[in-house]
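Structure assessment
Here is how the chains run, residue by residue.
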Amino acid sequence: MLEPLDKEFLFDAQALRYAVELMGQQFAPDSRVVVPPKLPEDGVGSLKTLERLAPSVLGGAMHLGDAKAFAHKDPPTPWVTWATTLWNASLNQNLLHPETAPVARQMEETVLDWLCPYFGMQGGHMTPGSSAANLTACWAARECADVKEIVASEAAHLSIKKAAHILGLAFRAVRVDSTGALCPQDLPKDLSRSALVLTSGTTSVGALDSLGLAGRAAWTHVDAAWGGPLRLTCYANRLSGIEHADSVAVSSHKWLFQPKESALIMFRNVAKAHEAISFGGSYLSEPNIGLLGSHGATAIPLLAMLWSWGRAGLAKRIEHCVQMADTLAQHLSKDFRAELLGQPQTAIVVWRPRQVHLVEQIIKQLPVGIASTVTINNEKWIRHTAANPNADIAQIIDEINLILDRT
Ligand SMILES: *Cc1c(COP(=O)(O)O)cnc(C)c1O
């Protein structure tokens, strides 16, 4: 029988303090627990569950803020986002209805008001990632500009091809040059029925497609999932021309240091775009915009971080990442044993040993979390991504040197 008031749903400062304290503990690698393979009939209780889960969930995770974490586009997240995410979980607002999220809806609008001007966009909304943001943009393109195909470089993110597939649009891939950017001379001459997707920071090598091409097609979407936040930094002009796009996607769970899932889709003409992708319904007091039905308050941790750091504080951290990538690239370009693919354009460093047959061996020896790999023209390269402001670039260079010395 349930108690008259079920305490599981009530605020319990002591229990929450325990949960937070677990976050600061070190767990031995062998302390992981076995989770029951079948749904248990009787529960063990919440405190016991936390105690059991912590060694695996907290101890077994990859630590994205470690000195040597330099592999992927997944950043560490600032603690103010942990706190506000906890608030979000406790309140469980649903942005689908104004009455279930009176404040949270306003916060999302505010975050978009703060960020859109850096991209020359008017407004937009949040999605659980740029895969969903890209799909939303291509959907708006189909509705607003009557496009029949999506044109993008062969290095475009797979979500673009997915969007074409879902929307029943043709997909045309355009060759890339040696830097990984779309070759403008290979674009179809007639783009009057096409959505052109330009990538600002390709997934594999961080290349920047020429944004001078924005406006050439019936609709231009810029996939700035990774590179977009550079617009708020001293490197903003690397993405100049983005303001001529019709839509822009940015993953805030990448270089805006947000917990997943968090991203922005922004439109130059937001009223028209939102209208085109809205549906009404009997139980809705306002039309439902975009792909999502129920939708959480992911804007609140983003707003909290932006308010806490300001633009300058955010820029300082991203700029530091760019400078670490540049330092590593400069170091590798001077090492006769290494071949750099090119100068990093969005803090992604791609290189391989000159003795190409050693690449697998080197990858295996590099500490976990320091590097990822990427295949270009059927050849493997080593890749580093500067998403972690707390990385120690001197230590990372030492590790790479050590392995190059040994092989
Ligand atoms: C990460 C990424 C995506 C996909 O974004 P998610 O937020 O992972 O869904 C799309 N395009 C580019 C260029 C990316 O780097």
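These numbers come from a predicted model, not from an experiment. (Residues numbered from 1 in each chain as written. Predicted model: local features only at pLDDT ≥ 70, side-chain atom pairs only at ≥ 80, totals over all residues. Heavy atoms only, no water.)

Quick look at the sheet that holds strand β7 (residues 263–267)
In plain terms, the rule: Any two strands are treated as partners once DSSP identifies two or more bridges connecting them. Helix and strand definitions here come from DSSP, where helices need a minimum of 4 consecutive H or I residues and strands a minimum of 2 consecutive E residues; each element is numbered from the N-terminal end. Axis angles are defined between N-to-C directions and span 0 to 180 degrees, where every axis is a line fitted to C-alpha atoms and, for a helix, only to the segment in contact.
Read from one edge of the open sheet, 7 strands run β1-β7-β6-β5-β4-β2-β3, paired in mixed fashion. Sheet topology places β1 (123–127) and β3 (170–174) at the edges, where each strand pairs with a single neighbour. Sheet twist, expressed as the mean angle between neighbouring strand axes with direction ignored, is 20 degrees. As paired elements, strand β2 (residues 149–153) and strand β4 (residues 194–199) share 4 bridges and run parallel to each other. Considered in β4, the bridge of Glu149 is made with Ser194.

Some thoughts on the pattern of salt bridges
The condition is simple: Just to be clear on terms, a salt bridge is a Lys or Arg side-chain nitrogen sitting within 4 Å of an Asp or Glu carboxyl oxygen. Relative accessibility thresholds used throughout: buried, under 20% of the residue-type maximum; exposed, over 50%; partly exposed, between the two (1.4 Å probe, protein chains only).
Applying the stated criterion across every chain, the model contains 15 salt bridges. Across the pair Lys148 and Asp146 runs a salt bridge whose closest N-O atoms are separated by 3.2 Å. For Lys148, a relative accessible area of 46% corresponds to the partly exposed category. Owing to a relative accessible area of 39%, Asp146 belongs among the partly exposed residues under this scheme. Put simply, Arg337 and Asp405 hold a salt bridge, and the shortest N to O gap is 2.6 Å. Residue Arg337 is found in the loop between α8 (299–334) and β10 (338–340), and its partner Asp405 is found in helix α10 (residues 393–406); the two are separated by 68 residues along the sequence.

Focus: the pairing of strand β5 (residues 219–223)
Summarising burial for β5: 5 of the 5 residues are buried, a large majority. For β4 and β5, the ladder comprises 5 bridges, and the chain directions are parallel. When the sheet's bridge partners are listed, Leu196 is paired in β5 with Thr220. Both β5 and strand β6 (residues 247–251) contribute to a ladder of 3 bridges, which runs parallel.

What about unusual backbone geometry?
The omega angle of the peptide bond from Lys260 to Glu261 is 0 degrees, so this bond is cis rather than trans. Mapped onto the secondary structure, Glu261 falls in the loop between β6 and β7. A positive phi angle is found at Phe257, which is not glycine, with a value near 55 degrees. Looking at the secondary structure, you find Phe257 in the loop between β6 and β7. Judged by its relative accessible area of 1%, Phe257 falls in the buried class. Although it is not a glycine, Ala347 adopts a positive phi angle of roughly 65 degrees. Along the chain, Ala347 falls in the loop between β10 and β11 (348–353).

By themselves, these are just geometric observations and shouldn't be taken as functional.
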